[in-house]
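# Coordinate analysis (summary)
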Amino acid sequence: MVARKSTKSYMKDVVSASVHSITTAGEQHLYLDGKDADKIRGKRVCLLDDVISTGESLHALECLMENAGAKVVKKAAILAEGDAADREDIIFLQKLPLFRKLSDGEYNAID
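Residues numbered from 1 in each chain as written. Predicted model: local features only at pLDDT ≥ 70, side-chain atom pairs only at ≥ 80, totals over all residues. Heavy atoms only, no water.

When you go through the chain residue by residue, the secondary structure sums to two helices and seven strands. For the chain, the N- to C-terminal ordering of α and β elements is β-β-α-β-α-β-β-β-β. In terms of its C-alpha atoms, the chain occupies a principal-axis envelope of roughly 55 × 30 × 15 Å. Every one of the 111 residues in the chain was classed for burial, and the buried ones make up 32%. For the chain, the accessible area works out to roughly 7500 Å², and carbon and sulfur atoms hold 49% of it. Computed over 16 positive and 18 negative side-chain charges, the separation of the two mean positions in the chain equals 8 Å. (Helix = DSSP H or I, 4+ residues; strand = E, 2+ residues; numbered from the N terminus. Buried < 20%, exposed > 50% of the residue type's maximum accessible area, 1.4 Å probe, protein only. Areas by Shrake-Rupley, 256 points an atom, 1.4 Å probe, with all protein chains shown as cover. Lys, Arg positive; Asp, Glu negative; His and termini not counted. Charge placed at Lys NZ, Arg CZ, Asp CG, Glu CD.)

Set out below in structure tokens:
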């Protein structure tokens with residue numbers, strides 16, 4: 001299933017949840033087509049995100065699954081950055097380094 005950031009004309013009986021992400025200004029909403037919600041109602045699901053940083057998008061996905069009647073049993077990401085790499089409730093493939101801009105305009109990785 002795909003959670004979308006906007007509704008599509010084919011979506012009916014949409015399930016939604018709100019999210020505050022550091023990658024996008026302001027509040028966003030995540031949407032799930034009602035047909036997809038019906039398929040996962042009462043099921044155990046795994047959430048998969050591309051990059052987890054603050055965890056706000058992941059939290060919104062958890063709320064979306066709860067609103068759809070599904071139970072989240074695993075959370076995963078391709079990459080985790082910052083404090084997300086220290087979380088024990090997610091699995092990920094690799095830690096994404098954070099960078100700091102130096103006074104000379106160059107960047108260095110933050111451990």
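Here the focus is the nonpolar core. Ranked by size, the top nonpolar core spans 22 residues in total, and within it Leu32, Ile40, Leu64 and Met65 carry the most contacts. For this core, the elements supplying multiple residues, two or more each, are β1 (15–20), β2 (27–32), α1 (34–40), β3 (44–52), α2 (56–68) and β4 (71–81). Broken down by element, this core gets its largest block of residues, six residues, from α2. Contact partners of Ile40, with chain neighbours within four places excluded, come to Met1, Leu32, Val45, Met65, Ala68, Gly69 and Ala70. (Core = buried A, V, L, I, M, F, W, Y, C linked by side-chain atoms within 4.5 Å. Contact = heavy atoms within 4.5 Å.)

Time to look at the sheet that holds β3. Backbone-to-backbone hydrogen bonds join strands into a sheet, with any given pair of strands oriented parallel or antiparallel. Reading across the sheet, the three strands line up as β3-β4-β5 and stay open at both edges, with parallel pairing between neighbours. Two strands lie at the open edges of the sheet, namely β3 and β5 (91–96), each paired on one side alone. Between one strand axis and the next, the sheet turns through 20° on average, direction left out of account. In this structure, β4 lies alongside β5, joined through five bridges in parallel fashion. (Pairing = 2+ DSSP bridges. Axes fitted to C-alpha atoms, helices over the stretch in contact; angles between N-to-C directions.)

Below, the discussion takes up a nonpolar patch on the surface. Judged by side-chain polarity, Leu48, Ile78 and Leu93 come together as a nonpolar surface patch covering roughly 330 Å² of accessible area. Here Ile78 lies in strand β4. Note on Ile78: relative accessible area 39%, which makes it partly exposed. (Patch = residues over 30% accessible without salt bridge, like charges linked within 9 Å, V, L, I, M, F, W, Y side chains within 5 Å. Salt bridge = Lys/Arg side-chain N within 4 Å of Asp/Glu carboxyl O.)

A separate point is the pattern of salt bridges. One pass over the full model with this rule turns up four salt bridges. The partner of Glu62 in a salt bridge is Lys75, with the nearest N and O atoms 3.4 Å apart. On the criterion of sequence distance, the pair formed by Glu62 in helix α2 and Lys75 in strand β4 is long-range, its members being 13 residues apart. Since its relative accessible area comes to 25%, Glu62 is described here as partly exposed. According to the relative accessible area criterion, Lys75 is buried, its value standing at 12%. Through salt bridges with shared partners, one network takes in Glu62, Lys75, Arg87 and Asp89.

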